[in-house]
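Structural overview
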Amino acid sequence: MSFTATKFAHPPPLPLTSTTPRSNDKPLSFSFDHSKPTNPSSSSSCSFFLASTRKLPRFNSLTKPHAQRRASSPPAAAVLLEQTTNLLITKEEGLELYKDMILGRAFEDKCAEMYYRGKMFGFVHLYNGQEAVSTGFIKLLKKEDYVVSTYRDHVHALSKGVPSRAVMSELFGKATGCCRGQGGSMHMFSKEHNLLGGFAFIGEGIPVATGAAFSSKYRREVLNQEGADQVTLAFFGDGTCNNGQFFECLNMAALWKLPIVFVVENNLWAIGMSHLRATSDPQIWKKGPAFGMPGVHVDGMDVLKVREVAKEAIQRARRGEGPTLVECETYRFRGHSLADPDELRDPAEKEHYAGRDPISALKKYILENNLATEQELKAIEKKIDEVLEDAVEFADKSPLPPRSQLLENVFADPKGFGIGPDGKYRCEDPKFTEGTAHV
Amino acid sequence: MSADPKVFLMGEEVGEYQGAYKISKGLLEKYGPERVLDTPITEAGFSGIGVGAAYYGLRPVVEFMTFNFSMQAIDHIINSAAKSNYMSAGQISVPIVFRGPNGAAAGVGAQHSQCYASWYASCPGLKVLSPYSSEDARGLLKAAIRDPDPVVFLENELLYGESFPVSAEVLDSSFCLPIGKAKIEREGKDVTITAFSKMVGYALKAADTLAKEGISAEVINLRSIRPLDRSTINASVRKTNRLVTVEEGFPQHGVGAEICTSVIEESFGYLDAPVERIAGADVPMPYAANLERMAVPQVEDIIRAAKRACHRSVPVAAAA
Ligand SMILES: Cc1ncc(C[n+]2csc(CCOP(=O)(O)OP(=O)(O)O)c2C)c(N)n1
Ligand SMILES: [Mg+2]
């Protein structure tokens with residue numbers, strides 16, 4: 001008896017456009033004619049959308065027998081996105097993307113350094129290699145839009161605008177952190193930036209994100225708040241797509257046409273579990289159409305491609321046309337967390353993706369298209385170094401959370417636990433650390 | 001596993017990765033992928049599959065990477081596993097073990113750092129074990145796997161790295177421990193300290209310090225949270241007349257509360273001082289190291305409580 005999944009031939013990818021009818025009206029059918037968009041107004045953006053659904057050439061030299069299951073050749077009809085990308089960003093946009101990606105990368109490198117110096121502790125999951133996804137999506141958002149992340153959340157927080165100082169300080173466990181040291185690496189929250197959390201449990205963030213999208217729709221349609229057109233982005237990994245909450249929420253989001261984009265960061269691994277060993281059909285994007293929403297695959301190592309797909313998916317959500325599932329093919333350049341010995345990933349695989357570093361790719365693109373000079377990019381890198389030096393210094397000098405903070409925030413109710421009738425915290429109760437404080 | 005081919009291990013990263021904490025090291029190589037199964041990240045799914053497999057005669061050992069994640073599977077642990085024997089009037093027994101690290105870990109924040117002993121121990125139909133030493137781990141795990149009922153087996157991440165002396169008896173292949181029996185780790189006469197898992201080590205340390213100050217503490221390693229060894233606890237309290245309970249979990253409705261009730265019911269007249277309860281602070285676990293330290297019981301907390309219990313009784317004795 002063997003539990004190794006059988007290899008199935010893949011049906012050709014189903015190209016979906018934003019004009020695909022929603023399942024509420026008409027169930028999606030595989031014979032739907034995608035060559036005739038029914039909504040001409042969205043046809044131009046939908047060609048990018050369509051383009052991105054092709055399967056990009058995949059790394060295919062793994063020695064393990066199941067490895068080729070990730071690969072699938074592009075359909076002949078695929079539109080070449082490369083031909084059009086040079087029209088897609090301005091100099092300002094290019095520099096903004098570059099800056100955000102450099103910030104994400106350099107911040108995480110700094111975290112590794114600080115972790116080894118004992119400044120931060122516990123599980124620290126770094127984002128190196130995946131920057132094109134965070135930057136490609138989040139930089140398109142408005143401040144009111146929501147982001148829901150996982151334990152790998154530092155860079156999503158930064159892209160959403162949470163200052164480096166606040167994130168670094170949180171990681172140092174200091175009172176000046178974005179959660180005053182109470183949350184930590186896996187639990188970044190910032191109400192001001194509509195970062196609804198780093199959720200450390202697999203799948204947990206997906207329903208919460210779907211709920212945020214539900215609240216936008218509710219505020220608009222039930223409370224008649226016209227401006228309530230926020231879009232929610234839910235980020236999560238390939239391993240998470242085998243968890244029931246993913247499927248439950250794809251269903252409800254499509255059923256209720258919620259303004260959400262499910263962004264899968266498929267880095268091929270869930271700790272030491274290869275995506276191909278965990279998933280009966282590894283093409284995650286295909287699960288969108290199964291629930292009546294577009295499913296898109298995009299090269300997650302190319303920020304410009306991610307951005308094009310993201311633009312359409314976000315606009316679609318904002319127009320009230322419902323959710324989209326986007327699978328970004330990406331790779332993490334470090335172990336699962338700083339505690340992971342990372343022994344199972346094939347060095348050839350790592351090398352392959354290292355060669356597709358999204359930051360080098362954007363840099364090359366910017367330089368080749370004369371969007372900026374080498375010096376301008378260097379200046380950005382230098383600026384980011386300064387920002388991070390400052391963040392570390394700030395975090396280091398910041399005070400530890402005071403003893404009284406332990407009992408704060410358990411309830412929102414100001415008369416909640418730990419607060420006496422005089423309005424003061426009962427932190428001075430000599431027995432409170434023993435869990436026997438009077439409540 | 002070598003004794004019974006019906007036993008298999010299932011969970012996240014238990015095979016090729018050798019366990020997230022390397023606990024299943026070597027098992028894949030020894031028993032093969034049919035009996036050491038790497039699952040996708042789907043606690044509800046694989047726990048339910050384990051339960052279903054146990055209905056039909058297999059003896060699954062389901063690993064949670066940490067017990068925190070068992071919350072996504074709690075429906076199957078409680079509804080499908082714990083209640084089936086009763087609902088089916090004894091037709092369907094569920095010989096399954098749910099195991100993994102439990103309790104406070106270090107620096108991982110509120111969601112990854114929590115003790116589930118009292119959660120599961122409040123549930124009829126479950127047996128809940130919590131080893132402290134290597135001897136406990138070996139003897140209790142074997143008992144759990146052989147047991148005909150669902151067992152929740154709460155290990156501790158921070159103890160994984162600790163070594164304990166083991167006797168030849170423990171190493172013998174026939175060694176097994178009974179479920180429902182506590183162990184007196186250290187005899188004493190002035191105060192009883194009950195603890196389980198990592199807190200047993202803390203209680204023993206506290207007892208060392210107390211001994212230097214002339215207080216003789218008896219340390220009980222509960223080993224089994226449910227069934228709870230009431231007779232060992234009560235016999236000890238009748239001897240020492242004072243009780244300190246220690247656990248990492250939240251104080252309300254905790255293991256300490258249950259022990260306290262048992263002592264009040266059975267040995268109230270023997271108590272010379274109010275029962276002292278040491279527990280984690282009544283807050284989600286904070287990340288910041290200084291707050292985290294305050295939120296989990298420390299050896300000094302146990303020492304202080306034991307002294308309080310002893311000294312409080314002194315004036316009473318003096319007055320009498
Ligand atoms: C419910 C639950 N089970 C298990 C874990 C432990 N765990 C943390 S990350 C992880 C792998 C996740 O992989 P993936 O979804 O691909 O995201 P990636 O880490 O690759 O970004 C696992 C199993 C968890 N956090 N929550
Ligand atoms: Mg992954």
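Owing to the predicted nature of the structure, the values given are computational and were not obtained by experimental measurement.

Cut-off values and rules
- Residues numbered from 1 in each chain as written.
- Chains lettered and ligands numbered in written order.
- Predicted model: local features only at pLDDT ≥ 70, side-chain atom pairs only at ≥ 80, totals over all residues.
- Heavy atoms only, no water.
- pLDDT = per-residue confidence, 0-100.
- Contact = heavy atoms within 4.5 Å.
- UniProt positions renumbered as here; feature names shortened; annotations may be inferred.
- Helix = DSSP H or I, 4+ residues; strand = E, 2+ residues; numbered from the N terminus.
- Axes fitted to C-alpha atoms, helices over the stretch in contact; angles between N-to-C directions.
- Parallel < 35°, antiparallel > 145°, perpendicular 65-115°, else oblique.
- Left-handed = near helix turned anticlockwise from the far one by under 90°.
- Nonpolar A, V, L, I, M, F, W, Y, C, P; charged D, E, K, R; others polar.
- Core = buried A, V, L, I, M, F, W, Y, C linked by side-chain atoms within 4.5 Å.
- Buried < 20%, exposed > 50% of the residue type's maximum accessible area, 1.4 Å probe, protein only.
- Domains from an automatic or database assignment.
- Salt bridge = Lys/Arg side-chain N within 4 Å of Asp/Glu carboxyl O.
- Polar contact = N/O pair within 3.5 Å; in protein donor to acceptor, adjacent residues only side chain to side chain.

Brief notes about the confidence of the model for chain A
Residues and elements named next belong to chain A. Summing up the model confidence of chain A, the mean pLDDT is 82 and the portion of residues at 70 or higher is 74%. A low-confidence stretch, residues 1-85 (pLDDT under 50), is modelled with 148 contacts involving residues beyond four sequence positions or located in other chains. Overall, residues 432-439 carries pLDDT values under 50, and its contacts beyond four positions in sequence, including any with other chains, amount to 32 contacts.

A short note on the UniProt feature "domain: Transketolase-like pyrimidine-binding" (unreviewed entry) in chain B
Those residues carrying the UniProt feature "domain: Transketolase-like pyrimidine-binding" (unreviewed entry) are residues 1-162 of chain B in this numbering. The straight-line gap between the two end C-alpha atoms of residues 1-162 of chain B is 24 Å; of that span, 33% is helix and 16% is strand.

Quick notes on the packing of helix 3 (residues 91-116) of chain A against helix 14 (residues 374-397) of chain A
Between two packed helices, both the angle of their axes relative to each other and the distance between the axes serve to describe the pair. Residues and elements named next belong to chain A. Put simply, helix 3 and helix 14 touch, their axes get as near as 9 Å, and they point 40 degrees apart. In terms of their interaxial angle, helix 3 and helix 14 are classed as oblique. Crossing of helix 3 over helix 14 shows right-handed handedness. Touching Lys91, Leu95, Tyr98, Lys99, Ile102, Leu103, Ala106, Phe107, Lys110 and Met114 of helix 3 are Glu376, Leu377, Ile380, Glu381, Ile384, Leu388, Glu389 and Val392, all from helix 14. Of the residues contributing to the contact of helix 3 with helix 14, the split by class is 12 nonpolar, no polar and six charged.

Comments concerning the nonpolar core
Counting residues in hydrophobic clusters, the biggest one holds 66 residues, and the most contacted among them are Met120, Phe137, Leu233, Val261 and Val326 of chain A. Among the elements that take part in this core, helix 3 of chain A stands out by supplying 12 residues, more than any other. By size, the runner-up hydrophobic cluster in this structure holds 40 residues, among which are Cys123, Leu126, Leu228 and Ile259 of chain B.

Focus: the domain arrangement of chain B
Residues and elements named next belong to chain B. Here chain B is partitioned into domain 1 (7-171) and domain 2 (183-309). The distance between the C-alpha centroids of domain 1 and domain 2 comes to 25 Å. With 30 residues of domain 1 at the interface, the matching set in domain 2 holds 25 residues. Applying the counting rule to domain 1 against domain 2 returns three salt bridges. Measuring nitrogen to oxygen at the nearest pair gives 2.8 Å for the salt bridge that ties Arg223 to Asp136. Across the domain 1-domain 2 interface, the total number found is 12 residue pairs in polar contact (both at pLDDT 80 or more).

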